[in-house]
Amino acid sequence: MDYPSEPPDPPQPPDPPHNSSPSYLTYPWQPPPPEPVRRRTPRHHALGRHSDMRLLRTAYRRQRRVATLTALGYFVLFLLLSAFAPGLMTSRVSGGLSAGLLLGLLQVPVACLAIWLYEYTARRSVDPIADRIRKQTELDAKREAAR
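Residues numbered from 1 in each chain as written. Predicted model: local features only at pLDDT ≥ 70, side-chain atom pairs only at ≥ 80, totals over all residues. Heavy atoms only, no water.

With respect to the overall build of the chain
Then step 1. Each helix and strand counted, the chain has four helices and two strands in total.
Then step 2. Counted from the first residue to the last, the chain has its helices and strands arranged as α-α-β-β-α-α.
Then step 3. Total accessible area on the chain is roughly 13000 Å²; 63% of this is exposed by carbon and sulfur atoms. (Helix = DSSP H or I, 4+ residues; strand = E, 2+ residues; numbered from the N terminus. Areas by Shrake-Rupley, 256 points an atom, 1.4 Å probe, with all protein chains shown as cover.)

Structure, rendered in structure tokens:
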């Protein structure tokens with residue numbers, strides 16, 4: 001039994017000739033092609049890879065460590081003295097005040113010192129970097145809005 005065969009493929013048009021003409025204008029009265037739009041690239045990287053962000057993270061990390069180690073360091077010292085030097089902690093400093101009670105009462109000024117250190121290091125090292133990043137971000141936003 002003969003099955004009908006598929007129709008042959010239609011003939012393909014010949015390949016177009018290669019464009020080997022030069023790139024100058026064919027007609028001198030034609031307007032010149034528009035200049036490509038040139039975008040100025042920013043002089044700095046995007047904010048996520050910015051070196052100031054790395055500096056800010058480092059300064060903030062140092063700030064947290066100083067304040068935390070001040071408060072926790074004193075508290076750990078107090079706990080170690082309580083556990084391993086009970087004779088020192090029960091010794092009388094003056095009147096009815098023991099050394100352990102005096103060291104325990106000193107926790108409040110040490111906590112205040114840790115808070116002061118945190119604020120001092122923030123004003124001295126973290127805030128100037130954050131201000132610089134904030135100003136740069138505002139300038140970048142204004143530049144983008146102007147485009």
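Observations concerning the pattern of salt bridges
Then step 1. Counted according to the given criterion, the structure contains four salt bridges.
Then step 2. Arg123 is paired through a salt bridge with Glu119; the nearest N and O atoms lie 4.0 Å apart. Note that Arg123 and Glu119 are positioned in helix H4 (residues 107–146) at a spacing of four residues, about one turn of the helix.
Then step 3. Judged by relative accessible area, which is 41%, Glu119 ranks as partly exposed. (Salt bridge = Lys/Arg side-chain N within 4 Å of Asp/Glu carboxyl O. Buried < 20%, exposed > 50% of the residue type's maximum accessible area, 1.4 Å probe, protein only.)

Overview of helix H1 (residues 51–84)
Then step 1. Here H1 spans 47 Å end to end across 34 residues, near enough to the 50 Å set by a 1.5 Å rise per residue.
Then step 2. The largest bend in H1 amounts to roughly 25° and is located at Leu69.
Then step 3. All of the buried residues in H1 are Asp52, Leu56, Ala59, Gln63, Ala67, Thr70, Tyr74 and Phe78.
Then step 4. On the buried face of H1, the contacting elements are helix H2 (86–90), helix H3 (99–105) and H4. (Expected span 1.5 Å × (residues − 1). Bend = angle between axes of the 7 residues up to and from the residue. Contact = heavy atoms within 4.5 Å.)

Focus: the packing of H1 against H4
Then step 1. Look at H1 against H4: their axes get within 9 Å of each other, and the N-to-C directions meet at 175°. By the angle between their directions, the pair H1 and H4 is classed as roughly antiparallel.
Then step 2. Split by residue class, the contact of H1 with H4 holds 21 nonpolar, five polar and three charged. (Axes fitted to C-alpha atoms, helices over the stretch in contact; angles between N-to-C directions. Parallel < 35°, antiparallel > 145°, perpendicular 65-115°, else oblique. Nonpolar A, V, L, I, M, F, W, Y, C, P; charged D, E, K, R; others polar.)

Notes on the nonpolar core
Then step 1. Leu56, Ala59, Val126, Ile129, Ala130 and Ile133 form the largest nonpolar core, which has six residues in total.
Then step 2. For this core, the secondary structure elements donating two or more residues are H1 and H4.
Then step 3. Sort the elements by how many residues they give to this core and H4 lands first, with four residues. (Core = buried A, V, L, I, M, F, W, Y, C linked by side-chain atoms within 4.5 Å.)

Some points on the side chain of Gln63
Then step 1. Relative to the helices and strands, Gln63 resides in helix H1.
Then step 2. A polar atom in the side chain of Gln63 sits 2.8 Å from the backbone oxygen of Tyr118. (Polar contact = N/O pair within 3.5 Å; in protein donor to acceptor, adjacent residues only side chain to side chain.)

Here's the deal with a positive patch on the surface
Then step 1. Residues Arg54, Arg57, Arg61, Arg62, Arg64, Arg65 and Arg124 make up a contiguous surface patch of positive charge.
Then step 2. For the positive patch, the element with the highest residue contribution is H1, accounting for six residues.
Then step 3. Relative to the elements of secondary structure, Arg64 occurs in helix H1.
Then step 4. Look at Arg64 and you get partly exposed, because its relative accessible area is 36%. (Patch = residues over 30% accessible without salt bridge, like charges linked within 9 Å, V, L, I, M, F, W, Y side chains within 5 Å. Lys, Arg positive; Asp, Glu negative; His and termini not counted. Charge placed at Lys NZ, Arg CZ, Asp CG, Glu CD.)

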